[in-house]
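Structural description and commentary
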Amino acid sequence: MGFDLGALAVSIVSVLGVGLLLGAGIPLVYGLAIRSLESRRPGSTALAIALLSLCTLLALAGIIVIVFGKQLFGI
């Protein structure tokens, strides 16, 4: 019985990837939405609304996982 270093490496990379995506990804999307909102180009308001909606959905998903994580994942 020993450690499976390959599975451990995959797990570490997965956790780091999700952390970067949700940790740095949401502020990046928010920043792009604000920049799009400030540029008065055609269609930029619709893009900004879509990006801000995505930020809201990701934030709500994070809250749901925090509050109901045990019931959802059984952890």
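Refer to the preceding data block for the structure.
Right, let's walk through the structure included here. Treat the numbers as computed from the prediction; the structure is a model and nothing was measured.

On to the overall build of the protein. Helix and strand content of the protein: 2 helices and 0 strands. Computed over C-alpha atoms, the radius of gyration of the protein comes to 18 Å, more than 25% over the 11 Å expected from 2.2 N^0.38 for 75 residues, which places it beyond the range of a compact globule. In terms of overall dimensions, the protein has a C-alpha envelope of 60 × 30 × 15 Å along the principal axes. Counting only residues that meet the buried cut, the protein has 12% of its 75 residues in that class.

Examined against the element boundaries, Ser-44 turns out to sit in helix α2 (residues 44–73). In this structure Ser-44 comes out as buried when scored by relative accessible area, which is 6%. Among the polar contacts made by the side chain of Ser-44, one reaches the main-chain carbonyl oxygen of Ser-39 at a distance of 2.8 Å. Sequence-distant contacts of Ser-44, defined by excluding residues within four places in its chain, comprise Ser-36 and Ser-39.

On to helix α1 (residues 5–38). Its 34 residues place the ends of α1 48 Å apart at the C-alpha level, agreeing with the 50 Å of an ideal helix rising 1.5 Å per residue. Of all bends in α1, the biggest is about 40 degrees, found at Gly-25, and the proline Pro-27 comes one to four residues later. For α1, every residue scored as buried is listed here: Gly-25, Val-29, Ala-33 and Ser-36. Check the buried side of α1 and you find it contacts α2.

Within the element layout of this structure, Ser-36 appears in helix α1. By relative accessible area, which is 9% here, Ser-36 ends up buried. The contact partners of Ser-36, leaving out residues within four places of it in the chain, are Ser-44, Leu-47 and Ala-48.

Moving on to the environment of Gln-71. Mapped onto the elements of the fold, Gln-71 is located in helix α2. When its relative accessible area of 62% is taken as the criterion, Gln-71 is described as exposed. Distance from Gln-71 to Ala-9, taken between C-alpha atoms, is 28 Å for residues 62 residues apart in sequence.

Take the packing of α1 against α2 next. One can describe the packing of α1 onto α2 by two numbers: an axis separation of 8 Å at closest approach and a directional angle of 155 degrees. Taken together, the axes of α1 and α2 are roughly antiparallel relative to one another. Relative to α2, the crossing made by α1 is left-handed. Contacts from Leu-22, Ile-26, Val-29, Tyr-30, Leu-32, Ala-33, Ser-36 and Leu-37 in α1 reach Ser-44, Thr-45, Leu-47, Ala-48, Leu-51, Leu-52, Leu-54, Cys-55 and Leu-58 in α2. Taken together, the residues of the contact of α1 with α2 break down into 14 nonpolar, 3 polar and no charged.

So, how was this worked out
- Residues numbered from 1 in each chain as written.
- Predicted model: local features only at pLDDT ≥ 70, side-chain atom pairs only at ≥ 80, totals over all residues.
- Heavy atoms only, no water.
- Helix = DSSP H or I, 4+ residues; strand = E, 2+ residues; numbered from the N terminus.
- Rg over C-alpha atoms; globule rule 2.2 N^0.38 Å.
- Buried < 20%, exposed > 50% of the residue type's maximum accessible area, 1.4 Å probe, protein only.
- Polar contact = N/O pair within 3.5 Å; in protein donor to acceptor, adjacent residues only side chain to side chain.
- Contact = heavy atoms within 4.5 Å.
- Expected span 1.5 Å × (residues − 1).
- Bend = angle between axes of the 7 residues up to and from the residue.
- Axes fitted to C-alpha atoms, helices over the stretch in contact; angles between N-to-C directions.
- Parallel < 35°, antiparallel > 145°, perpendicular 65-115°, else oblique.
- Left-handed = near helix turned anticlockwise from the far one by under 90°.
- Nonpolar A, V, L, I, M, F, W, Y, C, P; charged D, E, K, R; others polar.

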